[in-house]
Amino acid sequence: MASLGRFNVDLTGRFSTRRRLMFQRSLGYIFNKMQRYGWTPEEIVAVVKDMLGLKEPEKPEPEPGPLVVEGVDLKVALNTEAHHTAEYDLVEEGDDPPLVVRRGQPFSVHVQLSRPFSDKTHELRLLFEIGDSATESKKTRALLKLSEKNEAGKWGVKLVKQEAKTLELNVFTPSDCVVGKWNFTVRLLKKGETKPVSSHQQKKPVYILFNPWCKEDVVYLEDKEAMAEYVMDESGCIFTGSLWWSEARPWLFGQFTGDVLDCSIYLLDSSDLKMEVRGDPIKVVRKLSAMVNALDDSGVLVGNWSGDYGGGASPSDWTGSVKILEQYYTNKSPVKYGQCWVFSGVLTTVCRALGIPCRSVTNFSSAHDTDCSVTIDMHFGVDGSSMSNDDSVWNFHVWNEVWMRRDDLPEGYGGWQACDATPQEASEGQYQCGPCPLRAIKQGEISLTNAYDAPFIFAEVNADRIKWKWSEEEDRFLSIGCDPKIVGKNMSTRALKSVRDNSKEEREVVTHLYKYDEGTAEERAAVLKAYHSAEKADKKGLAYDLGPKDVEFKLNFNGSTPVGEDFVMKLDCSNNSTNFRTVDCNGIIKTMFYTGIPADTVKKETTELRLKPGTCESFEVKVTAEEYRQQLKDGCFLSLTAGGLVRETNQSTILIDTVMLGKPRLSIKGPSKGRVGDQFDVTVSFSNPLPSRLTDCNLHVEGPGITKPKTYPQGDVAPNGTFLTTLELKPKKKGSRRIVFVFSAKELDNITGHHEMEVKKA
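Scoring rules and cut-offs
- Residues numbered from 1 in each chain as written.
- Predicted model: local features only at pLDDT ≥ 70, side-chain atom pairs only at ≥ 80, totals over all residues.
- Heavy atoms only, no water.
- Helix = DSSP H or I, 4+ residues; strand = E, 2+ residues; numbered from the N terminus.
- Buried < 20%, exposed > 50% of the residue type's maximum accessible area, 1.4 Å probe, protein only.
- Contact = heavy atoms within 4.5 Å.
- Areas by Shrake-Rupley, 256 points an atom, 1.4 Å probe, with all protein chains shown as cover.
- Phe/Tyr/Trp six-rings, centres within 6.5 Å; stacked < 30°, edge-to-face > 60°.
- Lys NZ or Arg CZ within 6 Å of the ring centre and 35° of its normal.
- Core = buried A, V, L, I, M, F, W, Y, C linked by side-chain atoms within 4.5 Å.
- pLDDT = per-residue confidence, 0-100.
- Pairing = 2+ DSSP bridges.
- Axes fitted to C-alpha atoms, helices over the stretch in contact; angles between N-to-C directions.

### Description of the overall build of the chain
Helix and strand counts for the chain stand at 13 helices and 40 strands. Every one of the 762 residues in the chain was classed for burial, and the buried ones make up 53%. For the chain, contacts bridging at least 24 residues in sequence account for 68% of all contacts bridging at least 6. Of the roughly 34200 Å² of accessible surface on the chain, 48% is carried by carbon and sulfur atoms.

Structure, rendered in structure tokens:
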């Protein structure tokens with residue numbers, strides 16, 4: 001053994017003892033010299049061993065262990081950014097968040113193996129399943145093999161590259177894929193065998209949603225600005241009020257917040273909608289319109305228009321959809337209470353969460369036709385007072401529009417489709433409505449197959465209102481006139497960001513999408529076409545014998561009267577004849593619900609006017625704030641009815657209208673910019689317009705990314721006094737953020753306001 005410091009070289013059997021000693025001295029000399037030139041001992045010994053042929057024998061390669069799937073990386077951050085799903089809160093949950101993607105668009109998956117993969121010895125397969133008893137025939141199961149190509153409209157998986165023990169894959173889904181939570185499993189099989197040698201199932205599902213960015217998807221929306229508004233925007237507004245005084249009520253849709261997506265899918269899971277049709281947005285939207293109301297299927301919201309909201313929240317107190325949906329998802333029982341704008345706001349949220357472009361639309365003077373006659377029949381007594389009526393005209397009604405292609409209808413019926421979650425009339429045995437093409441409504445094509453509920457929606461926007469007055473002489477109701485231009489006014493939705501002023505909510509008027517201009521030949525033709533197609537229409541057509549009409553009546557009032565001020569209704573009577581006319585006038589003012597149902601009589605007056613030929617005189621009914629204040633219902637609406645009977649000719653008229661008394665707005669003061677985690681103050685105030693104390697006061701606050709929905713109890717507000725409070729808030733997410741505030745009191749509710757701010761990273 002020759003020693004080189006702490007390194008030894010075995011020379012046994014190589015040399016004689018004498019030569020071995022001489023060689024050992026020589027090695028020592030070489031070792032010292034090489035060290036001086038910077039060689040390490042290890043390098044020197046390696047050179048010597050190589051010269052003497054003393055290399056260590058190579059160890060045999062160990063037998064390879066079994067090939068197994070050790071893990072799967074769904075590349076959540078990468079995929080959600082590409083699929084426009086990064087805003088969903090659930091993709092940020094913990095270290096192993098679920099994946100949310102959109103159909104018809106590939107997504108990346110990385111599979112980690114115990115050793116490098118070879119397609120000569122093994123096969124890799126991906127299994128996607130949804131629902132119970134998943135099968136390929138129902139498109140609820142897909143078993144994918146590695147392929148070098150992607151077939152349009154089909155499931156597939158392609159190997160992008162292999163690095164050591166990691167496989168980078170692209171997964172392709174069909175553009176008509178079933179929407180929901182898919183179970184995902186990776187399987188490894190030996191070549192030629194059918195039983196997996198290794199299998200890895202993801203603990204959390206893969207969410208696959210509709211894809212309005214995909215041209216092959218029926219919900220494809222080409223307009224990028226519209227996409228930003230109708231799919232991605234979590235905040236917005238819903239227009240409420242009356243034709244004469246309307247306001248943009250702020251509403252937080254919050255489709256990316258908390259449990260909203262899970263709740264939206266749960267609605268489909270708990271419905272009777274079969275799994276295999278959940279890739280069809282027509283069927284999905286129709287079912288959601290039923291599930292958002294709780295009238296016949298234990299859905300999300302209980303409707304209540306009574307004014308008594310004991311055991312729940314007043315519809316006016318909600319600031320958005322998130323609290324409603326999360327409460328429903330947690331308790332699995334209907335939430336109390338909702339009215340039309342709440343139903344619409346929740347349906348907008350659910351549709352956007354699932355990837356369907358959706359918006360809330362308000363129709364002012366919206367007809368409610370109960371008997372499929374496509375007319376609104378109003379009955380009055382001898383004195384002109386309103387009698388019990390099944391039909392009504394709501395001051396406003398809010399429903400939804402969804403965007404989709406309609407391959408089940410003739411060409412040209414795609415685009416916006418009307419649907420409605422407010423339970424009004426049953427359709428096919430359930431309280432559901434739509435989706436109905438706006439073109440079918442505009443053309444009066446209410447019998448078009450698959451134009452769901454077209455007769456009802458047509459009546460809402462374009463029914464003629466027929467007035468019937470009881471005649472004691474005839475012992476029956478006589479038609480005293482038809483109002484063809486009363487229904488379907490100023491239909492409004494929030495304008496796109498590019499055309500609205502950030503300081504206020506600009507509206508887009510969409511009445512022209514539902515009907516032609518009032519009184520035009522095209523509009524009248526559509527009405528007659530719809531009328532003759534209606535189930536219970538009188539086939540004689542819309543013809544009324546109005547008799548002599550030489551006195552003209554006009555109803556005048558101040559449509560912008562603030563609540564707390566006096567109000568005057570005036571009936572102008574113009575004698576256009578060459579003779580004297582005697583007119584018996586009557587006027588009735590009632591409080592009313594926004595659904596058009598009269599409530600309490602505030603004032604009723606009559607008078608006689610003696611009109612000279614060619615003259616005009618007026619009949620006035622004045623109501624003081626003290627007279628109506630105690631009887632106001634939700635929304636502060638007053639019903640106006642004025643009638644006139646001309647004695648000489650028996651000409652009779654009844655004029656009807658509605659006024660909404662204007663409410664104050666909240667004044668909001670806060671910073672326009674903020675930073676995640678930095679606390680800021682916001683001040684909320686308004687002036688009480690009533691000469692009475694406001695009691696049971698609450699301030700409801702919500703702002704996705706800033707604060708969850710909260711209610712802050714407040715003290716009383718003095719008569720004609722000022723409400724003022726300051727809140728401390730802290731942003732949690734970056735981006736453009738909106739905070740919505742709603743003040744409510746026993747005497748005055750639905751005082752709203754909102755604040756916008758830009759939040760930066762911490």
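Next comes the rest of the account.
### Some points on the packing of aromatic side chains
Taken as a whole and judged by the stated rule, the model has 24 aromatic pairs. Their ring planes at 50° and their centres at 4.8 Å tell us that Phe723 and Phe743 sit as a pair that is tilted. With a gap of 20 residues between them, Phe723 in strand β38 (residues 722–729) and Phe743 in strand β39 (residues 735–744) connect regions that are remote in the sequence. Side by side, Phe723 and Phe743 carry an identical accessibility label, which is buried. Following the ring pairs from residue to residue traces out a cluster consisting of Trp305, Trp341, Phe343, Trp394, Phe396, Tyr594 and Phe637. Taking NZ or CZ as reference, Lys332 lies 5.0 Å from the ring centre of Tyr266, over its face. When the ring centre of Tyr329 is taken as origin, the NZ or CZ atom of Lys332, which lies over that ring, is 4.2 Å away.

### Thoughts on the nonpolar core
Counting residues in each nonpolar core, the largest one holds 97 residues, and the members touching the most others are Leu126, Phe128, Phe184, Leu261, Leu288, Trp341 and Leu354. Top contributing element to this core by residue count: helix α8 (residues 340–354), with ten residues. Contact partners of Leu126, with chain neighbours within four places excluded, come to Ala142, Leu143, Leu144, Val157, Leu169, Val171, Phe184, Thr185 and Val186.

### Some words on helix α5 (residues 260–269)
Extensive coverage of α5 is indicated by the burial of eight of its ten residues. Along α5, the residues that are buried comprise Val260, Leu261, Asp262, Cys263, Ser264, Ile265, Leu267 and Leu268. Summarising the contacts, the buried residues of α5 are in contact with β4 (99–102), β10 (180–190), β12 (206–209), α6 (281–291), α7 (322–331) and α8.

### A word on the confidence of the model for the chain
When pLDDT is averaged along the chain, the result is 90; 90% of the residues meet or exceed 70. Contacts of residues 1–7 to residues separated by more than four positions or lying in other chains number 23 contacts, the stretch itself having pLDDT below 50.

### Brief notes about the sheet that holds strand β34 (residues 673–675)
Spatial ordering of the open sheet is given by β34-β40-β39-β36-β37, a layout of five strands whose pairing is mixed. Of all strands in the sheet, those bounded by a partner on one side alone are β34 and β37 (707–713). Each strand axis lies, on average, 25° off the axis of its neighbour in the sheet, ignoring direction. Inspection of the sheet shows strand β36 (residues 698–703) paired to β39 by five bridges, in the antiparallel sense. Paired with Glu702 across the strands is Val740, a residue of β39.

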